[in-house]
Amino acid sequence: MTTRRALVVPLAAALALPMLLSGAPRPTAAAASPTFGHATVVDHQRVDGEPSISISPLTNAAGQHDIYVSAPFGFSTTASFIWKSSDGGQTFHLVGAEQPPVGKPATTCAGGGDTSIVNDTAGNLYFADLQGLTNVSASLSTDGGKTFFGTCNSANAVGVDRPWLSTFGDPLTTGREYMTVDQTNQCTVNCGLGQAGSNLLELTQTSGSAAQGQFFSPLPAQQIEPDGIVGGTVVDQSSGDLYIVHTGYTDNTGAIVGGIDGNGNDNAIVVDRFPGGFSSNFALPIPPSSVSLCKPYNAVGPCESHTAFFSHPDATTLNSTVTVGQDFSPMAIDLAGNIYIAWSQAPVDASGQNAGPSKIYMATSTDHGATWSSPINVSDQVPSFLPMNVFPTLVAGSPGHMDLAWYGTPTIGACPDHCAPGNINGSWNVYMAQTLDAVTLAGTPNATPTFTTTKITEYPNHFGSVCTMGLSCSTGGDRGLLDFLSIAVGPDGAAEVVWSDGANTNFNGGETSPVIDFARQVGGPSLFGGDVSGPVPAFGSAPGSAAAFFAGNGAETAAPNNLTVLDSSMQGPDAAGMYTVTMKVKDLTSLSVSQGGGNGVWLTRWELPNPSPTTDNQGQVFFAAMESDGGGAPTFYDGTTATLSTSHGKFLAYPPSGHSATGSYTATAPGTITIHVPVADVGNAPTSTLDSVTGLSATQPGPASDGTEIFNVIDSTAPYDMIPAGTPTPTPTPTPTPTPTPGPPPPCCGMAPPPGYWLAGADGGVFTFGSAGFFGSMGGSHLQAPVVGIAATSFGDGYWLAGADGGVFTFGSAGFFGSMGGRHLNAPIVGIAVTPDGGGYWLVAADGGVSAFGNARFFGSMAGRHINAPIVGIAASPDGGGYWLVGADGGVYAFGSAQFAGSMGGTHLNAAVVGIAGTPGGGGYWLDAVDGGVFSFGSARFQGSMGGQHLNASMVGMAATVDSGGYWLDGRDGGVFAFGDAPFQGSMGGRRLNAPMVGLAQHSQIAT
């Protein structure tokens, strides 16, 4: 079990938080709402719902974190799918283990039911797939999804439903993998209202060599208590504590009575905690007189059962007056171990039917689930009226930071009789609410957290009803979206969301036929502090991806040049009513292909939502394509998708449908494909925005004219929107990067210059104040990665900028001694520190890896070692013989001559630490946090902080004066706060910025 460091905190550090015991809410770090990019279509053909998402903590060869998405294909198919993005969510492929043409991983067992997917801390991938309602297969991949191995019996029980996976550390070594399920219809005693046959919550686990073979214990599985439906698990990566959340039925005191009431509804959310985790190889019995394995129902139980929320049942009928879950109540945990739950709740009548709006609620616990905040209505935070809301999903980051997403519609229906989500016809969108102050300064749940809200979808993802009754939806109601959407947090704190998009005409069998969409947060506050900086959403054109390969049969094979897409663009319509679709390909001198089939397709698709949708016409997916069969002369066509169906839609096909198009290509390297598409062929809407336009290359065994072909995507572009000719583009025109007035020339002759400082932006812009001179910047230049830090020469006559990809940019007298740019990184660079004479520098990465250049010597790092939180900064000792690293949890690591003087590791923090500054004498250092708190250690003197005060933006860094008598803090909005003898020389606060600030460097050294 990994434990947190417990170190003595100096008195001066405690002074940095004057409101620590006040109980006041945490100051809001930023008022801006998160913004998202265009939707990436995860799979252009496979009809699916309830996607799960997981992000690898490691970086791949391209320096990106692999993103995995899974979804079930249905009991009748016994198949489920796993996709991977290796380019940051720009494009997705089925994993290499898939078996074309259907796409199910070839080495997993029969499935097709609920799926769950998760990465461990070592990047290994775990996948669970429900086999009907009989068992669960569990699979493991250690090579990024190219191959899997596992077991067809991980539940160790019969009659099971809804598996969820979670991991602690690396289960293949000293960690552990957990799986929870519902054992259906197995409760025989103490089941509530005499309901023998309700579900029982169950748990299995595996570790070490057993995990490598995916052999789970105990057998039979560990039964815990009756439940309605399990909502997932989380593990505290510091303590190993395991938490499981589920819906249930309680009495008037909140004590568990069973899983559901007499009408089949739940009235409670229950969280079970296993302190230190669960490792038993033998199932412990639930006492005959008890309803649960856990305390307080079982005096000697290995777990604790806490009712997080309940609504009092009717005094006469004992049935619930509300329904909670609809379907699942998910859970998240932040870096400090605070827990968050969310659920959809609606009032019900005496017969158990919904009698009012469905709202999204959340609750918070800061004491391991023992007590919970009162429910907070999150969906009402959306400015527009949003009465119907289902399927919440949430994720947490730094303490008190949480994102919550769900489906919502402004349609309320005919309440109180027909107002359930399954009884209305409404336009649904994906919404997200973010709070950065869910926990107070006193470390307790905030009763009134501040939320900002965002509509993630650019157009409604669904029109009609949303059935929340699971398999019972077969008797009525649209279950095409299935039962949930999912959210994850990237390593930069960005929200990454997947959902079901049914905006097409492929309604079939009473259900919509959605594909899976993905969107990444590209702006606004990060869950780890500071701001997210992502790619600007594209309009009119977009580049191809470096992730161009054929995935299948256990391998990922690089794409040939004639299937490597360079870019895609779309223009028009022109005066003749024609769109022009253009695709540039690396080499079109030959059209012959072989990977996954001998027929090549170069296709551009887009979404045209219906402004007046109906259930069978929610929008349309149109396309234009060039096809070469067997390498022969190409044909050109356009059209809309068709559904390949059994009982309901299974695939979207892209057949010619009798629409030939005028097209041409150049048999050159690079080559260009041009297709002219009549507006009449593609919706006859010449003024409508076309959404998520994507150019892709694919192969298929037969010709598209068969109307049944399933293609293999080889390469695709990032999504872009196409604004019709003459229609204003919705994005604002960028403003030039401000060029501050240069400061005075470098000092001479032993005179001390007046103090000054530089601010650096994520786009490489540099702003100078006081005596700090301007020597150039990267503002307005194309960067491969955002700038993350700045450091100045001791004379103040130059500075360095460091990028997240390890690139280094030098200005003035600052010398270039090398960089990590273009090299594989295990984690992004987060900081730079310079040697005293400016003859070298160090770069530090989020995993604690240190790279030394010039005369900077390597003294050690945390790379490959366990750290409780990502590294966020580095400071050099004054003699150049060492350095300190600091983590987001306030842990400090000293190397070389740098002296360890204490840290905040193991101490509850109100906000994540973002930087470190050392004293000129080397006897101490300061840490600064997102909320402006300052912690001082050793000889570093506490001179004040912004802790507990209102901030317009979160803090991103600090710098100290030469005499240790003061320091500056800087915010992401360019605001500067001066303390002690550090003079305020100006800031960018309140001025328009092209990118958020990322760091500050001081110019107050004594000249020699």
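Quick look at the structure, then.

**Brief notes about the pairing of strand β38 (residues 578-585)**
Alright, step 1. Across the eight residues that make up β38, a large majority, six, are buried.
Alright, step 2. As consecutive antiparallel partners, strand β37 (residues 565-571) and β38 are separated by six residues, and within that stretch Gly572 has a phi angle of approximately 110°, a positive value.
Alright, step 3. Alignment of β38 against strand β45 (residues 671-678), held across eight bridges, turns out to be antiparallel. Its bridge partner lying in β45, Thr580 is registered against His676.

**Section: the state of the cysteines**
Alright, step 1. A full pass over the atoms with the stated rule returns one disulfide.
Alright, step 2. In this model, Cys294 is linked to Cys303 through a disulfide, with the two sulfur atoms separated by 2.0 Å. Here Cys294 and Cys303 share a disulfide; its torsion about the S-S bond, -90°, makes the bridge left-handed. Each member of the pair Cys294 and Cys303 is classed as buried.

**Observations concerning the packing of aromatic side chains**
Alright, step 1. This model, assessed by the stated rule, comprises 31 aromatic pairs.
Alright, step 2. Judged by centre distance (4.7 Å) and plane angle (55°), the rings of Phe73 and Phe81 are tilted.
Alright, step 3. Residue class for Phe81 comes out buried when judged on its relative accessible area of 0%.
Alright, step 4. Note on Phe859 and Tyr883: the rings are 5.8 Å apart at their centroids and 55° apart in plane angle, and the pair reads as tilted. One end of the pair, Phe859, is in the loop between β56 (850-854) and β57 (871-876); the other, Tyr883, is in strand β58 (residues 882-887), and 24 residues separate them in sequence.
Alright, step 5. In this structure an aromatic cluster arises from ring pairing among Phe73, Phe81, Trp83 and Phe651.
Alright, step 6. Over the face of the ring belonging to Phe81 we find Arg46, whose NZ or CZ atom lies 5.5 Å from the ring centre.
Alright, step 7. Just above the ring of Phe328 sits the side chain of Arg162; from NZ or CZ to the centre is 5.9 Å.

**Regarding the pattern of salt bridges**
Any two side chains of opposite charge can pair, given that their charged atoms come close.
Alright, step 1. Within this structure, the stated rule accounts for 13 salt bridges.
Alright, step 2. For Asp114, the salt bridge is made with Arg162, and the minimal N-O distance between the two is 3.6 Å. With Asp114 in the loop between β6 (93-94) and β7 (115-119) and Arg162 in strand β11 (residues 160-168), this pair connects stretches of sequence that are 48 residues apart.
Alright, step 3. We classify Arg162 as buried; its relative accessible area is 1%.

**Focus: unusual backbone geometry**
Alright, step 1. The linkage connecting Ser217 with the following residue, Pro218, adopts the cis geometry, with an omega of -5°.
Alright, step 2. In this structure, Pro218 sits in strand β14 (residues 217-227).
Alright, step 3. Positive phi, close to 50°, is recorded for Arg162, a residue that is not glycine.
Alright, step 4. Located in the positive-phi region is Leu482, a residue other than glycine, with phi close to 60°.
Alright, step 5. Its place among the elements puts Leu482 in the loop between β29 (462-464) and β30 (486-489).

About the thresholds
Residues numbered from 1 in each chain as written. Predicted model: local features only at pLDDT ≥ 70, side-chain atom pairs only at ≥ 80, totals over all residues. Heavy atoms only, no water. Buried < 20%, exposed > 50% of the residue type's maximum accessible area, 1.4 Å probe, protein only. Helix = DSSP H or I, 4+ residues; strand = E, 2+ residues; numbered from the N terminus. Pairing = 2+ DSSP bridges. Disulfide = S-S within 2.5 Å. Phe/Tyr/Trp six-rings, centres within 6.5 Å; stacked < 30°, edge-to-face > 60°. Lys NZ or Arg CZ within 6 Å of the ring centre and 35° of its normal. Salt bridge = Lys/Arg side-chain N within 4 Å of Asp/Glu carboxyl O.

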